[in-house]
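# Architecture at a glance
These are the residues of each chain, in order.
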Protein chains: 2
Amino acid sequence: MKSLDFVANIRSVAIVGATKKNNYFFVRIFAESFRGKVYAIHPELKNIEGFPNLPVYGRVTDIPRNEPVDFVFISLPREKVVQIIDDCVEKHVKLVSIFTTNFADEGTEEGCRLQSELIEHAKNQVRIIGPNGMGLYYPRLGIRWRSSLPIEIGSTGIVAQSGGFSNLLIHGLTSENVKVSKAFSIGNAADINALDVLNYFKDDPETNLIIAYIEGLPEGQGHELLRIMKDCKKPLLMIKGGRSKSGSRAAMTHTASLVGNYTIWKDAVHQGCGILLRSFDDILNIAKYIKMIGPQPIHNLALISLSGGYGVVCTDMLADYGIQLPLIEGTLSDTLSHLFTIPGTSFKNPLDIAVMLYEIEKLDQAIRAILSDSRFDGLLFEIAPLYIAYPMRPGVKLDDLLFGLLKKIRETFKKPIGVIIEDIGFPEIKNALKTRLQAIDIPVFNDIEPFARSIHAVNEFVKNPRT
Amino acid sequence: MKSLDFVANIRSVAIVGATKKNNYFFVRIFAESFRGKVYAIHPELKNIEGFPNLPVYGRVTDIPRNEPVDFVFISLPREKVVQIIDDCVEKHVKLVSIFTTNFADEGTEEGCRLQSELIEHAKNQVRIIGPNGMGLYYPRLGIRWRSSLPIEIGSTGIVAQSGGFSNLLIHGLTSENVKVSKAFSIGNAADINALDVLNYFKDDPETNLIIAYIEGLPEGQGHELLRIMKDCKKPLLMIKGGRSKSGSRAAMTHTASLVGNYTIWKDAVHQGCGILLRSFDDILNIAKYIKMIGPQPIHNLALISLSGGYGVVCTDMLADYGIQLPLIEGTLSDTLSHLFTIPGTSFKNPLDIAVMLYEIEKLDQAIRAILSDSRFDGLLFEIAPLYIAYPMRPGVKLDDLLFGLLKKIRETFKKPIGVIIEDIGFPEIKNALKTRLQAIDIPVFNDIEPFARSIHAVNEFVKNPRT
């Protein structure tokens, strides 16, 4: 398994397949974003409209000898690709990304043959991402396959056998303030496969959380997967595509992947550093939890809600996922009884604060008393956005008050805080408060189940001996 | 069980407990919204600041004999409430709503005694909502307990043993275009309990979908629940609060409810018209599904996605919930092969349309061919909002095109259509398209699991013989 370390040192890129018809789509993207030298390769054009200073060569090998090319991005009809690979070998290119589809994914002998040819011609000298993949997203170097992809630099690594799913993950995670270090959209994974990338991420200093969407692996690589997973010290969230019969058929159509036996996957992931998930939203929620709270278990929680009924529903759901709400009693109960004096409030846990919401100082004291008690591993705070939109005391800026309160608590206590803001029709208010809270590592969830599931996943992960 | 039919004819309301300190909170709300006569009751005040024409009387019984009062809303310290009940009996008031807390919910003998007194003094002549409840929300009559509650009139009835949860449901459902006929926030349910309201809703011509959040019922009412559930022809979505040990303790603190055995509840609900759920979001999603699609089962689905990988993940999740994606073959396959000509697309089901997204006419033909085939009960269409935000073909208004396409399809075919728009950071674009689609009864979900769960819940509901 050859290392992918060289990707951190990509300094020059050549784009093959620029056409006037597609408005020089990929040339434009690289020219606008990449923090290194960009070349366009075209058999006829002398320069690219709108980019007068961008050098254009007929072939990769026409680029002057003293100008090395690290990375070549290919978007050409499939039958023309192999010739480019030959040129890349000659030019000592390190990495090629093949966007072109209809290789093995076409499901034909011809497609499979052409894909094998790529590998033969690469002669173990050029590494290939794809074909049928979007390639590499690497915001630190300004490498991206769409100019709409975010430029924020983070520490979450993504490997996905799907370009569309990569897009969803990059946008979705970044919008939740879980920014990305790099993403590999590996498509048919003819050369660089998920194991190569996982093996790279596990030692990559720029990556500390790994997200993987995998449909299949090359035959006989189960042991290798297990070895990497056991060796990896970073949490890895994985969706295995093709768990079901119809899903496995869909994966075959999609990337010509043999999906393998899901039970074997489950064992490998669970024996290693992995958390196996089933949905996109689970990835977003659990990645956010791990990024903001850390892989820290929670068994006993204090729950503050603005609605007694919602508090009961949360209590039941948390119990379903093995998380308890210890009864508040003894001296803590005495302390809280002096603070919870408004009729309609209660502090047994769940704590129903009702209009005590407006008495931030008392709330602050109550939360400090609770989190100082070793019986509580953390706090969940439910904020229905309608009370921010329509404060019962006019002029009170509840969002500022609550943000200030939670910020101070977060700075004082190491214990995790989670917040629920329901989707009930105040999107601007919700998103504004959510963004502020997530910027100080307080994750915000839409409802109790995603939060309970996140805790549960992390509790299981931490329990795992990873022998 | 006395009927609640009279609520549809509430023509006059008296508010007891207006104070200058609370800025005449409830008087203000009723004066602004209620489409009938409003009185304020106050022992000293002669008129209410800001409402010079609103009649104020010292007691309910001081209101002239020829001016009947149908509904009295009480927000007074608990020890003063029973006297008002006496007056309401004398005045032949039909319905009283007691907002005041610290009756049985306080968990003291005194609180319980005071609550019993209310019932005795009502003499079976005045019906009581509460105490410890928000009362009645009835947008057609302009009755609401907060002026922020929506004025839109719908056909979903809510009964909840929690004011906060009622608020969440009313705002949440309305924002999803599932508007409300009326809501009863019954609190401690000393008189009017969940069964009374369910019994009323089952025959209420203004209500065709019922949502219930219930913590407990009066002892020995299990059979009555079962009778109503079996007799009810309208779908009922229910959360039972206090399923877990800690949840049952929380329910006792919240509304003094004895939660009973959850297994008995499950049996009663499943034998009847009910769908038992565990989370707020499940209620929103399934209510939306039933409202827009109807309680119509789906066993075989066609899935169109913009991302092959996301399509695979959806296929697996649907299989988890017993929903199949039949392989497209035979003549339908022939038809589609002439439409899916762009490399990177596929039409085996899931259908991966990739950039065919821009060829709306072909997409239209493809969907018509699929939905005309009896092997497909419905269509799921995934629209990642980033492609609307950043169309690959500049100037193309994909949201308009897709909305127009789905609208035409929805008008032609009776078959259900669901849409997924993921939460990946384009909230305005998402919400705008979601609102348009939901206005034409195409429900929009955030991810595959809520959609799969909704179908599953409805499939189970429809399968249920309700003997």
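Quick notes on the rules
- Residues numbered from 1 in each chain as written.
- Chains lettered and ligands numbered in written order.
- Predicted model: local features only at pLDDT ≥ 70, side-chain atom pairs only at ≥ 80, totals over all residues.
- Heavy atoms only, no water.
- Helix = DSSP H or I, 4+ residues; strand = E, 2+ residues; numbered from the N terminus.
- Buried < 20%, exposed > 50% of the residue type's maximum accessible area, 1.4 Å probe, protein only.
- Contact = heavy atoms within 4.5 Å.
- Areas by Shrake-Rupley, 256 points an atom, 1.4 Å probe, with all protein chains shown as cover.
- Pairing = 2+ DSSP bridges.
- Axes fitted to C-alpha atoms, helices over the stretch in contact; angles between N-to-C directions.
- Salt bridge = Lys/Arg side-chain N within 4 Å of Asp/Glu carboxyl O.
- Core = buried A, V, L, I, M, F, W, Y, C linked by side-chain atoms within 4.5 Å.
- Buried area = accessible area lost by both parts, 1.4 Å probe.
- Polar contact = N/O pair within 3.5 Å; in protein donor to acceptor, adjacent residues only side chain to side chain.
- Nonpolar A, V, L, I, M, F, W, Y, C, P; charged D, E, K, R; others polar.
- Right-handed = clockwise from strand over helix to strand, strands pointing away.
- Left-handed = near helix turned anticlockwise from the far one by under 90°.
- Least-squares fit on C-alpha atoms with pLDDT ≥ 70 in both.
- pLDDT = per-residue confidence, 0-100.
- Parallel < 35°, antiparallel > 145°, perpendicular 65-115°, else oblique.
- Phe/Tyr/Trp six-rings, centres within 6.5 Å; stacked < 30°, edge-to-face > 60°.
- Lys NZ or Arg CZ within 6 Å of the ring centre and 35° of its normal.
- Expected span 1.5 Å × (residues − 1).

Turning our attention to the overall build of chain A. When helices and strands are counted, chain A shows 16 helices and 18 strands. Taken along the three principal axes of its C-alpha coordinates, chain A extends 80 × 50 × 35 Å. Of all 467 residues assigned to chain A, the portion counted as buried reaches 63%. Within chain A, counting contacts between residues at least 6 apart in sequence, those at least 24 apart form 73% of the total. Surface summary for chain A: the accessible area is close to 17200 Å², and the carbon and sulfur share equals 51%.

Residues and elements named next belong to chain A. An order of β7-β9-β8-β10-β11-β12 is seen for the 6 strands of this open sheet, with the pairing classed as mixed. Looking at which strands have only one partner, the edges of the open sheet turn out to be β7 (135–137) and β12 (274–277). The average angle at which neighbouring strand axes cross in this sheet is 15°, direction not considered. In the sheet, strand β8 (residues 156–160) pairs with strand β9 (residues 180–185) via 5 bridges, with the strands oriented parallel. Each residue of the ladder has a partner; that of valine 159, found in β9, is phenylalanine 184. Lying on the sheet, helix α8 (residues 262–271) is in contact with β10 (209–214), β11 (236–240) and β12; it crosses β12 at an angle near 145°.

Taken as a whole and assessed by the stated rule, the structure comprises 60 salt bridges over all chains. Ionic pairing is found between Lys434(B) and Glu176(B), a salt bridge with its closest N-O pair at 3.0 Å. Placement of Lys434(B) in helix α15 (residues 427–439) and of Glu176(B) in the loop between α4 (163–175) and β9 (180–185) is noted, with a sequence separation of 258 residues between them. Considered together, Lys434(B) and Glu176(B) belong to a single accessibility category, that of buried residues. Connected through salt bridges with shared partners, the residues Arg243(A), Arg278(A), Asp282(A), Asp320(A), Glu449(A), Arg453(A), Arg243(B), Arg278(B), Asp282(B), Asp320(B), Glu449(B) and Arg453(B) form a single ionic network.

All right, on to the nonpolar core then. Ranked by internal contacts, the top residues of the largest apolar core, which has 309 residues, are Phe184(A), Phe381(A), Phe184(B), Leu336(B) and Phe381(B). Not counting the four nearest positions on each side in its chain, Phe381(B) is found in contact with Ile304(B), Ile353(B), Leu363(B), Ile367(B), Leu402(B), Leu405(B), Leu406(B), Gly418(B), Val419(B) and Ile420(B).

The partner chain A presents 72 residues to the 72 residues of chain B that form the contact. By the criterion of area lost to chain A, the three top residues of chain B are Arg146(B), Arg249(B) and Asp316(B), representing 10% of everything that side buries. Linking chain B with chain A are 8 salt bridges. The shortest N-O distance in the salt bridge between Asp320(A) and Arg278(B) comes to 2.6 Å. Where chain B packs against chain A, one counts 32 residue pairs in polar contact (both at pLDDT 80 or more). A total of 10 residues in the side of chain B that touches chain A trace back to one element, the largest contributor, which is helix α10 (residues 308–320) of chain B. Residue composition of the side of chain B that touches chain A, by class: 27 nonpolar, 28 polar and 17 charged.

This part is about the pairing of β8(A). Residue and element names in this part refer to chain A. Summarising burial for β8: 5 of the 5 residues are buried, a large majority. The two faces of β8 match: Thr156, Ile158 and Ala160 on one face and Gly157 and Val159 on the other face are all buried. Following the chain from β8 across helix α4 (residues 163–175) to the adjacent parallel β9, one finds a crossover that is right-handed. Inspection of the sheet shows β8 paired to β10 by 5 bridges, in the parallel sense.

Turning to the packing of helix α9 (residues 280–293) of chain A against helix α16 (residues 448–463) of chain A, a few remarks are in order. Residues and elements named next belong to chain A. Following both chains from N to C, one finds α9 and α16 inclined at 65°, their axes separated by 9 Å at the closest point. Here α9 runs over α16; the crossing is right-handed. Note on element contacts: α16 touches α9 through Pro450, Phe451, Arg453, Ser454, Ile455, Ala457 and Val458, opposite Asp282, Asn285, Ile286, Tyr289 and Ile290. A per-class count over the contact of α9 with α16 returns 8 nonpolar, 2 polar and 2 charged.

A few words on the relation of the copies chain B and chain A. Superposition of chain B onto chain A requires a rotation of 180° combined with a translation of 0.0 Å along the rotation axis, giving an RMSD of 0.0 Å. Overall, the copies show the geometry of a two-fold rotation axis. When each C-alpha of chain B is compared by its distance to the rotation axis, Pro427(B) comes out closest, at 4.0 Å.

Let us now look at the sheet that holds strand β16 (residues 378–382) of chain B. All names here are of chain B. Judged by pairing direction, the sheet is mixed, and its 6 strands sit side by side in the order β14-β15-β13-β16-β17-β18 without closing on themselves. With partners counted over all chains shown, the strands left at the sheet margins are β14 (346–347) and β18 (444–445), one partner each. As judged from the 4 bridges shared by strand β13 (residues 301–305) and β16, these two strands associate in the parallel manner. Across the sheet, the residue bridging to leucine 303 is leucine 380, located in β16. Sheet strands touched by helix α12 (residues 360–371): β13, β15 (351–352) and β16. Its angle to β16, the strand with the most contacts, is close to 150°.

This part covers the confidence of the model for chain A. Here chain A averages 93 in pLDDT, and 99% of its residues register 70 or above. This complex was scored by the predictor with a pTM of 0.95 and an ipTM of 0.95.

All names here are of chain B. Direction vectors running N to C along helix α5 (residues 194–203) and helix α6 (residues 222–231) enclose 15°, while the axes themselves pass 10 Å from each other. By the criterion of interaxial angle, the relationship of α5 to α6 is roughly parallel. The chirality of how α5 crosses α6 is left-handed. For the pair formed by α5 and α6, the contact residues are Leu195, Leu198, Asn199 and Lys202 on the first element and Glu224, Leu225, Arg227, Ile228 and Asp231 on the second. The class makeup of the residues in the contact of α5 with α6 is 4 nonpolar, 1 polar and 4 charged.

Moving on, we come to the pairing of strand β2 (residues 37–41) of chain B. All names here are of chain B. Counting buried residues in β2 gives 4 out of 5 residues, a clear majority hidden from the surface. For strand β1 (residues 12–16) and β2, the ladder comprises 5 bridges, and the chain directions are parallel. Paired with serine 12 across the strands is lysine 37, a residue of β2. Pairing analysis gives 2 bridges linking β2 to strand β3 (residues 56–57), with the strands arranged parallel. In the sheet register, alanine 40 faces β3, and the bridge partner there is valine 56.

Residues and elements named next belong to chain A. Going through the model one piece at a time under the given rule, you end up with 38 aromatic pairs over all chains. Seen from their ring centres, phenylalanine 184 and phenylalanine 201 are 5.8 Å apart, and the 70° between their planes marks the pair as edge-to-face. Of this pair, phenylalanine 184 sits in strand β9 while phenylalanine 201 sits in helix α5 (residues 194–203); the two residues are 17 residues apart in sequence, bridging distant segments of the chain. One exposure class covers both phenylalanine 184 and phenylalanine 201, and it is buried. Sitting above the plane of the tryptophan 265 ring, lysine 240 keeps its charged end 5.1 Å from the centroid.

A few words now on unusual backbone geometry. Residue and element names in this part refer to chain A. Looking along the chain, the bond that leaves glycine 130 and enters proline 131 is cis, with omega of -5°. Among the structural elements, proline 131 can be located in the loop between β6 (127–129) and β7. Each neighbour pair has its own omega, and for asparagine 349 with proline 350 the value is 5°, a cis peptide bond. Here proline 350 shows up in the loop between β14 (346–347) and β15 (351–352).

In this section: α12(B). Note that an α-helix has 3.6 residues per turn; residues three or four places apart therefore point the same way. All names here are of chain B. For α12, with 12 residues, the first-to-last C-alpha span of 16 Å sits near the 16 Å given by 1.5 Å per residue. When we look at burial in α12, the residues that qualify are Ile360, Leu363, Asp364, Ala366, Ile367, Ala369, Ile370 and Leu371. Turning to α12, the residues buried within the fold contact β13, α11 (330–337), β15, β16 and α14 (398–412).

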